[in-house]
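Inside the fold
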Amino acid sequence: MEIEIVAKALKELGHPTRLTIYNKVVRTGYQGIAVGELQESLAIPGSTLSHHISSLASAGLISQRREGRTLFCVAAFEQLESVIGFLQDECCANEDCNDAPLPKTKGKRKATA
């Protein structure tokens, strides 16, 4: 994965509101979440939400689908996995790790948002 793509994804996730939106979208899995539900839960103007969704979509982190009159946001899990994988693949790259196991995460972390 190109470093520019990873940097853009991390930049977009670096904004507190976008990270909160992304967290809510990721939690809904492949079914996604209606934009109206997102707006209601965040209590932000529609134009502000649209701006943040556009930023996340431009980084390839979410996609949108329409069902009738309802627009849903769905996480692009493959992009998320690519960004995380890029960071994990670099772990200990400059160190001789033959004798030491790679760090592992213990269980799932509970989201705070």
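Here the structure is a predicted model, which means the values were calculated and not measured. (Residues numbered from 1 in each chain as written. Predicted model: local features only at pLDDT ≥ 70, side-chain atom pairs only at ≥ 80, totals over all residues. Heavy atoms only, no water.)

Along the chain, the regular secondary structure elements total 5 helices and 3 strands. If you list the helices and strands of the chain from N to C, you get α-α-β-α-α-β-β-α. Put simply, of all contacts in the chain between residues at least 6 apart along the chain, 58% involve residues at least 24 apart. Working note: accessible area of the chain is about 7900 Å², and carbon and sulfur atoms make up 52% of it. (Helix = DSSP H or I, 4+ residues; strand = E, 2+ residues; numbered from the N terminus. Contact = heavy atoms within 4.5 Å. Areas by Shrake-Rupley, 256 points an atom, 1.4 Å probe, with all protein chains shown as cover.)

Bringing the pattern of salt bridges into the picture now. All told, the structure shown has 4 salt bridges when counted by the stated rule. Between K8 and E12 there is a salt bridge whose closest N-O contact spans 3.2 Å. Of this pair, K8 and E12 both sit in helix α1 (residues 3-13), 4 residues apart, which is roughly one turn of the helix. On the accessibility criterion, K8 (32% relative accessible area) is partly exposed. E67 is paired through a salt bridge with R65; the nearest N and O atoms lie 2.8 Å apart. Accessibility expressed as a relative area gives 43% for E67, which makes it partly exposed. (Salt bridge = Lys/Arg side-chain N within 4 Å of Asp/Glu carboxyl O. Buried < 20%, exposed > 50% of the residue type's maximum accessible area, 1.4 Å probe, protein only.)

Further remarks concern the confidence of the model for the chain. With 83% of its residues at a pLDDT of 70 or more, the chain shows a mean pLDDT of 88. Across the chain, the secondary-structure element scoring lowest on mean pLDDT is helix α5 (residues 77-89), at 92, and the one scoring highest is strand β1 (residues 33-34), at 98. (pLDDT = per-residue confidence, 0-100.)

Two aromatic rings are characterised by how far apart their centres lie and by the angle between their planes. Per the counting criterion, the structure on display carries 1 aromatic pair. It is R65 that lies over the ring of F72; its NZ or CZ is 4.7 Å from the centre. (Phe/Tyr/Trp six-rings, centres within 6.5 Å; stacked < 30°, edge-to-face > 60°. Lys NZ or Arg CZ within 6 Å of the ring centre and 35° of its normal.)

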